[in-house]
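# Fold and geometry: a report
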Amino acid sequence: MRGDMKSKGFKKESMLSTTFHRLRKNRMAVLGLIFIVAMGIIAISAPLIAPYGYEEQDLYNIFSKPSANHWFGTDSLGRDIFSRIIYGGRYSLQIGFGAVALACSIGVMMGSLAGFYGGKLDLILMRVLDVMQSIPGLLMSIAVSATLGSGIGNCIIALSVSTIPGYARMMRATMLNIRDMEYVEAARSVNAKDSRIIFRHMLPNALAPTIVQATMGIAQAILVAAMLSFIGLGVQPPTPEWGAMLSEGRNYIRDYPHLVLFPGLAIVLAVLSLNMLGDGLRDALDPRLKN
Amino acid sequence: MIRYIVKRILLMIPVILGVTWLIFTIMYFTPGDPARMLLGSDATEEEIVAKQEALGLNDGYVVRFVSYVKQVFVDFDLGNSYVNNRNVGTEIAQRFPYTFRVAAISVVIAVLLGMPLGIMAAVNQYTWKDNFSMLLALMGISMPGFWVGLLLSLLFALTLGWLPASGVGGIAYYILPCLSIGVNGCASIARQTRSGMLEVIRQDYVVTARAKGQVERKVIYGHALRNALIPIITQIGTMFGIQLSGAMVAETIFSIPGIGTYMVSGIKSRDYPVVQGSVLYVAIAFSLIMLLVDLVYAFVDPRIRAQYQKKSKRKGGA
Amino acid sequence: MSSENKLLEIRDLAIQYVAENEVVRAVNHVNLTMNKGETLGLVGETGAGKTTIAKSIMRILPDPPAKVSAGEIYLEGKDVLKLSEKEMRRIRGKKVSMIFQDPMTALNPIYTVGEQIAEVVQLHEKVNKKKAAQQAMEMLEMVGIPAARYHDYPHQFSGGMKQRVIIAIALACNPELLLADEPTTALDVTIQAQVLDMINQLKKELGTSVILITHDLGIVAEVCDRVAVVYAGEIVEAGCCEDIFDHASHPYTEGLFNSIPDIDGDVERLNPIQGLPPNPSDLPQGCKFHPRCSYVLECCRTGHVPYQEISPGHFVRCHLQHKEGK
């Protein structure tokens, strides 16, 4: 306890400000945050920033190498790759955030109910999760995506299905841990309703690991979405999703590698910044600091 | 010990049935009519309906499910492809070894390279060795496997011509596909090993070992690593599942005749038995691998082993 | 104190923990001597630096972030801080050994208790596996655990028994110095008594010198010959039991004794020492205790407070005593 006291005085710091403070010190995490926010802003303001429309074809200028006119060159139909990548960010980010939001809400709900009420409900839910997790995640996404067909919404659903068990299990584990702690007994003893106990006392504790998992989850979703588009599911051309662009450019890779290089780099940048942020969040939220 | 194995195998059965049901249900709702696709746009309505009857597409959900289960588990028949009427099971059995080999080799690469990297990073925490290797690992998990495959293929096959770009044959054909999905796996294992080791290294029993005067090498490998290894074993099992799926995607890049290419073409032509059979096969293979991992886990962790050996010890020992 | 009898001498020891941008001065200007066969109690609050001092004798401090920034530790005449790692390994477990605070985590869960005792035997004595196992079993019996339990794993033992296994490991090679870091804090009161008795008995049988780290003055009274009081990384008072208990001279020591509730008296309020222990990364100037001292003088606020002998064997770090005493 003595070590926590700031030398400035007896200041009570909330968890939020402590976390921000620690996060700010982590240069990689800050860099990651800046990058991903920048990408988000660029994606949102695509119509304002992109020099060309993403569908604009220029058949006299196909396959041109990167130049002053076309920073990343043009593709097989003369479309400006730079603009397409900027627009493509919209899809990747939408799908990434959407898939995680969906999986997280469903998973958290399942996990809390299973962990809090236990008994038969828990047993049934756990068996369901077992079955879901028996199919490797990527495979499950492929199967669901094949069923639903291409499109952003379907892609989001396909991605979230395979990640729901992760959030559910984590939530359940936290619930089981906390359920038996004394402050829950204390809350019960003053006649607090179940829902109140769950929301006010237990969820805030599970918040930290869930946030970390969600951040890394968005990164993973972007990767898988690109993969799905690449093999012909997910989002299809002419939509400028990065994976779809890779699929298009693949046939020309020998002569025009820039078609494959830039979309890939865009994916790496987005995923890397999210991973850096996620790592930083995990270190910042960890009560057992590095020291 | 035998009891534990039997118990785990018995538990697997309802899970596999559940998986079959899940896959079947997912496929059931796939839009698109195989009969129509097979017969083409010239077919008449009567021909289509007749084909649908022949394929059993008009029966109810439960009927179709039950007959599928019977077909798969009793007759061990995964059905015939709608497209070329060849038996799905035989085809998969021929193709699976390729996929499995790519996945297995990349898991081995991932473990052999990733684990030492993670250990070194943990033992040298805060130094440049740690920061650099973790930076590499971070990049490794941020790169899409198929993109790495494309780039490696561009560099080593198309430009330099050192390695073949497609097909199967000797070891040379496996290098690029395994590397491209191995990078991700290696990075992932390095990170997990590092965090596992860091947790263990701080434990009191590691300090106890040093306080006995034990050599540092034995403290790290004998005391710390053996404890850290236990959760990592489970993670290796999960990774196998990831690598299997990854291998399937790598196949499309390197034209490897494995389950991946089979399944992807099956998806495009709405060939239900092919897709169903492929997913089911891989899921069951994955379950068996996880079972194996669980057994190894029980073997390695004496707390679990002791539970099942206590009875025999009590009779034998004092 | 004749030098043939001197086992341990610590001179002006200073240890720092360097983390990120903060430097924590965990141990400052510590001077300590111990004779063979003595039991020295190291008393102080949690975080005062007692464990750090003990671990530095064996050089098992986590490095990074810990660094010995000054001082010497002489064990039977040799400066331990200057020895090579190889020489140090020969000392650990054999000349000096340690009992750790938390028995629940000090044993490796994947090896049997017997193996863990045999390990230390094999490290220091030239015996084969069988002989080592035998010796391990003898040690088990010595701490009151049936030798047949050699093959059991730590999770099959209770807390008190685990602690006994740890004692067995520590004493297996008959060390000259035993560092016992709060060996009973994590245990029930009844088990506490058993473990203390055992340490007492073993030390008499084997002639081991013991440094007993504790925050419990009652234990000190029972077991120790000499006592050193640690505050904010410094030794503020040291002497034999009688000196400390009957003639406490440092205001902190006095405060410690006053804060013990009097079971016979009719007490309405407890008497804690006012204020809180200082932040080790931002220690006060001058005497480290001065912000909480009810006798504080101007000279206490700045400058170095000398550590002086006010009666034979009784040392104090306090301006007040020096003014009055001398």
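Residues numbered from 1 in each chain as written. Chains lettered and ligands numbered in written order. Predicted model: local features only at pLDDT ≥ 70, side-chain atom pairs only at ≥ 80, totals over all residues.

When its secondary structure is counted, chain B shows 13 helices and zero strands. When the helices and strands of chain B are read in sequence order from the N terminus, they spell out α-α-α-α-α-α-α-α-α-α-α-α-α. Projected onto the principal axes, the alpha-carbon positions of chain B cover approximately 85 × 65 × 30 Å. The burial tally for chain B puts 42% of its 318 residues in the buried class. (Helix = DSSP H or I, 4+ residues; strand = E, 2+ residues; numbered from the N terminus. Buried ≥ 20, exposed ≤ 12 C-beta atoms within 10 Å, placed from the backbone.)

A separate point is the overall build of chain A. In terms of regular secondary structure, chain A is built from eleven helices and zero strands. Shown N-terminal to C-terminal, the secondary structure of chain A runs as helices and strands in the order α-α-α-α-α-α-α-α-α-α-α. Here chain A holds 291 residues, and 47% of them are scored as buried. Residue pairs at least 24 apart in sequence account for 69% of intrachain contacts in chain A once pairs closer than 6 positions are excluded. (Contact = placed C-beta atoms within 7 Å.)

This paragraph deals with the domain arrangement of chain B. All names here are of chain B. As far as domains go, chain B holds domain 1 (2-73) and domain 2 (93-317). Counting from both sides, the interface comprises 17 residues of domain 1 and, opposite them, 16 residues of domain 2. If you list the elements that add at least two residues to the side of domain 1 that touches domain 2, you get α1 (2-28) and α2 (34-39). Ranked by the residues each element gives to the side of domain 1 that touches domain 2, the list is headed by α1, at 13 residues. In terms of residue class, the side of domain 1 that touches domain 2 is made up of twelve nonpolar, three polar and two charged. (Domains from an automatic or database assignment. Nonpolar A, V, L, I, M, F, W, Y, C, P; charged D, E, K, R; others polar.)

What follows concerns the sheet that holds strand β5 (residues 78-79) of chain C. Reading across from one edge, β2-β1-β4-β5 (chain C) is the order of the four strands in this open sheet, with antiparallel pairing throughout. Whereas interior strands pair on both sides, the edge strands pair on one side only; in this sheet they are β2 (22-35) and β5 of chain C. (Pairing = 2+ DSSP bridges.)

Let's shift gears to the interface of chain B and chain A. It is common to give the size of an interface as the accessible area that goes away when the parts come together. Counting residues at the interface gives 37 residues for chain B, matched by 31 residues for chain A. Contributing elements (two or more residues each) for the side of chain B that touches chain A: α1, α6 (128-142), α7 (145-159), α10 (216-254), α11 (259-268) and α12 (272-300) of chain B. Its residues assigned to classes, the side of chain B that touches chain A comprises 28 nonpolar, eight polar and one charged.

Okay, the nonpolar core next. By size, the foremost hydrophobic cluster in this structure holds 252 residues, and its most contacted members are A:I222, C:I117, C:I211 and C:V229. A domain split of this core shows at least three residues from each of domain 1 (2-73) and domain 2 (93-317) of chain B. Look past the residues within four positions of C:I117 in its chain and what remains in contact with it is C:A136, C:M139, C:A168, C:I169 and C:A172. (Core = buried A, V, L, I, M, F, W, Y, C linked by C-beta atoms within 7 Å.)

Moving on, we get to the sheet that holds strand β10 (residues 234-240) of chain C. Residues and elements named next belong to chain C. Taken in spatial order, the eight strands of this open sheet run β6-β7-β8-β3-β9-β10-β12-β11, and their pairing is mixed. With partners counted over all chains shown, the strands left at the sheet margins are β6 (96-99) and β11 (308-311), one partner each. In this sheet, neighbouring strand axes are inclined to one another by 20° on average, regardless of whether the strands run parallel or antiparallel. As paired strands, strand β3 (residues 39-43) and strand β9 (residues 226-231) are joined by four bridges and run parallel to one another. When the bridges of β9 are listed, G41 appears paired with V227. (Axes fitted to C-alpha atoms, helices over the stretch in contact; angles between N-to-C directions.)

A few words now on unusual backbone geometry. Although it is not a glycine, B:Y126 adopts a positive phi angle of roughly 80°. Mapped onto the fold, B:Y126 is located in the loop between α5 (88-123) and α6. For C:N174, which is not glycine, the phi torsion reads 55° and is therefore positive. Residue C:N174 is classed as partly exposed on the basis of its C-beta count, with 13 C-beta atoms lying within 10 Å.

Residues and elements named next belong to chain B. Per-residue confidence for chain B gives a mean pLDDT of 83, with 92% of residues at or over 70. Across chain B, α6 holds the top mean pLDDT of 92, while helix α13 (residues 302-316) sits lowest at 55. Within the model, pLDDT remains below 50 along residues 311-318, and this stretch shows two contacts once partners closer than five positions in the same chain are excluded. Reported for the predicted complex are a pTM of 0.81 and an ipTM of 0.83. (pLDDT = per-residue confidence, 0-100.)

Moving on, we come to helix α8 (residues 172-201) of chain B. Residues and elements named next belong to chain B. With 30 residues, α8 should reach 44 Å at 1.5 Å per residue; the first-to-last C-alpha distance of 40 Å fits that figure. Within α8, the axis deviates most sharply at G182, by approximately 40°. Extensive coverage of α8 is indicated by the burial of 25 of its 30 residues. (Expected span 1.5 Å × (residues − 1). Bend = angle between axes of the 7 residues up to and from the residue.)

To continue, consider the pairing of strand β1 (residues 6-19) of chain C. All names here are of chain C. Both β1 and β2 contribute to a ladder of ten bridges, which runs antiparallel. Note on β2: the bridge partner recorded for A19 is E22. Hairpin connection of β1 to β2: two residues between the antiparallel strands, including E20 at a positive phi of 50°.

With respect to the helices and strands, B:I230 occurs in helix α10. In this structure the C-alpha to C-alpha distance between B:I230 and B:V296, which are 66 residues apart in sequence, comes to 9.4 Å.

A word on the packing of helix α5 (residues 119-134) of chain A against helix α7 (residues 152-179) of chain A. Residue and element names in this part refer to chain A. Viewed as axis vectors pointing N to C, α5 and α7 meet at an angle of 140°, and their least axial separation amounts to 9 Å. The orientation of α5 relative to α7 falls into the category oblique. In this structure, α5 meets α7 at a crossing whose hand is left-handed. Two secondary-structure elements touch here, α5 through L129, M132 and Q133 and α7 through I164, P165, A168 and R169. Classifying every residue of the contact of α5 with α7 by side-chain character gives five nonpolar, one polar and one charged. (Parallel < 35°, antiparallel > 145°, perpendicular 65-115°, else oblique. Left-handed = near helix turned anticlockwise from the far one by under 90°.)

What follows concerns the packing of α7(B) against α10(B). All names here are of chain B. Where α7 meets α10, the closest approach of the two axes is 9 Å, and the angle between their N-to-C directions is 35°. Relative to α10, α7 is oriented so that their crossing is right-handed. Residues G145, F146, G149, L150 and S153 of α7 form the contact with α10, whose participating residues are G246, V249, A250, I253 and F254. Here the residues of the contact of α7 with α10 sort into six nonpolar, four polar and no charged.

All right, on to helix α5 (residues 129-142) of chain C then. Residues and elements named next belong to chain C. Compared with an ideal rise of 1.5 Å per residue, which puts 14 residues at 20 Å, α5 spans 20 Å between its outermost C-alpha atoms and is within 8% of the ideal. Every buried residue belonging to α5 is among A132, A136, M137, M139 and L140, and all of these are buried. Viewed along the axis of α5, the buried residues span an arc of 160°, placing them on a single side of the element. Of the exposed residues in α5, those oriented more than 90 degrees away from the buried face are K130 and E141. Buried residues in α5 make contact with α4 (113-124) and α6 (159-171). Looking at the residues trailing α5, positive phi occurs at G144, about 85°. (Arc of directions from axis to C-beta.)

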